[in-house]
Amino acid sequence: MVVLDTNGNVISTSNYDTYGVPADVTALATALNSVASGNIVVLTVWDASSVNSNVRNVLNSVYGSTNSNTWGSSRVDHIFIGIKP
């Protein structure tokens, strides 16, 4: 996860093994909720990943995603870019 300010400057970067470490799914949800308003979040996956309903709810309710199937347990690449209002 990369967090950018409104000018595109990197605020923070972090990695979460959502497929192999179940606790990282919870940590990702917490991190997404902790992003300051107005900042941009970029999430990328290049292999297997998995998230739970908590992460999907944050992406949908906070970041405006409309894809309820985001981040299934499959070996598919993903990218998500959202702005926290």
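Just above, that's the structure.
Residues numbered from 1 in each chain as written. Predicted model: local features only at pLDDT ≥ 70, side-chain atom pairs only at ≥ 80, totals over all residues. Heavy atoms only, no water.

Student: Got a minute to help me understand the overall build of the protein chain in this structure?
Tutor: What the protein chain contains, in helices and strands, is 2 helices and 4 strands. Each helix (α) and strand (β) of the protein chain, taken in turn from the N terminus, gives the series β-β-α-β-α-β. By its C-alpha atoms, the protein chain is 35 × 25 × 20 Å across when sized along the principal axes. The 85 residues of the protein chain split such that 40% are buried. (Helix = DSSP H or I, 4+ residues; strand = E, 2+ residues; numbered from the N terminus. Buried < 20%, exposed > 50% of the residue type's maximum accessible area, 1.4 Å probe, protein only.)

Student: Explanation requested: the packing of helix α1 (residues 22-34) against helix α2 (residues 53-61) in the structure shown.
Tutor: When two helices pack together, their arrangement is given by the angle between their axes and by how far apart the axes lie. One can describe the packing of α1 onto α2 by two numbers: an axis separation of 9 Å at closest approach and a directional angle of 20 degrees. Taken together, the axes of α1 and α2 lie roughly parallel to each other. The two elements α1 and α2 cross, and the hand of that crossing is left-handed. For the pair α1 and α2, contact is made by V25, L28, A29, L32 and N33 and by N54, V55, V58 and L59, respectively. (Axes fitted to C-alpha atoms, helices over the stretch in contact; angles between N-to-C directions. Parallel < 35°, antiparallel > 145°, perpendicular 65-115°, else oblique. Left-handed = near helix turned anticlockwise from the far one by under 90°. Contact = heavy atoms within 4.5 Å.)

Student: Sorry, what's going on with the packing of aromatic side chains here?
Tutor: Aromatic rings considered in pairs are described by the distance between their centres and by the relative angle of their planes. Applying the stated rule across the entire model yields 1 aromatic pair. Ring centres 6.4 Å apart and planes at 90 degrees place the aromatic pair Y63 and F80 in the edge-to-face group. Of this pair, Y63 sits in the loop between α2 and β4 (78-83) while F80 is found in strand β4, placing the two residues 17 residues apart along the sequence. We classify Y63 as buried; its relative accessible area is 7%. Residue F80 is classed as buried on the basis of its relative accessible area, which comes to 9%. (Phe/Tyr/Trp six-rings, centres within 6.5 Å; stacked < 30°, edge-to-face > 60°.)

Student: For this particular structure, what's the right way to read the sheet that holds β4?
Tutor: Backbone-to-backbone hydrogen bonds join strands into a sheet, with any given pair of strands oriented parallel or antiparallel. Taken in spatial order, the 4 strands line up as β2-β1-β3-β4 in an open sheet, and their pairing is antiparallel. Of all the strands in the sheet, just β2 (10-13) and β4 have a single pairing partner and so form its edges. Looking at each pair of strands side by side, their axes are set apart by 15 degrees on average, direction ignored. In this sheet, β2 lies alongside strand β1 (residues 2-4) in antiparallel orientation, the contact comprising 3 bridges. In the sheet register, L4 faces β2, and the bridge partner there is V10. (Pairing = 2+ DSSP bridges.)

Student: I tried to follow α2 on my own but got confused; where do I start?
Tutor: Because the α-helix completes a turn every 3.6 residues, residues three or four places apart line up on one side. Among the residues making up α2, those that are buried are V55, R56, V58 and L59. Seen along its axis, α2 keeps its buried residues to an arc of 160 degrees; they face one direction. Buried positions along α2 lie against α1, β3 (40-45) and β4. The N-capping residue of α2, defined by a side-chain oxygen 3.0 Å from the backbone nitrogen of N54, is N52. (Arc of directions from axis to C-beta. Polar contact = N/O pair within 3.5 Å; in protein donor to acceptor, adjacent residues only side chain to side chain.)

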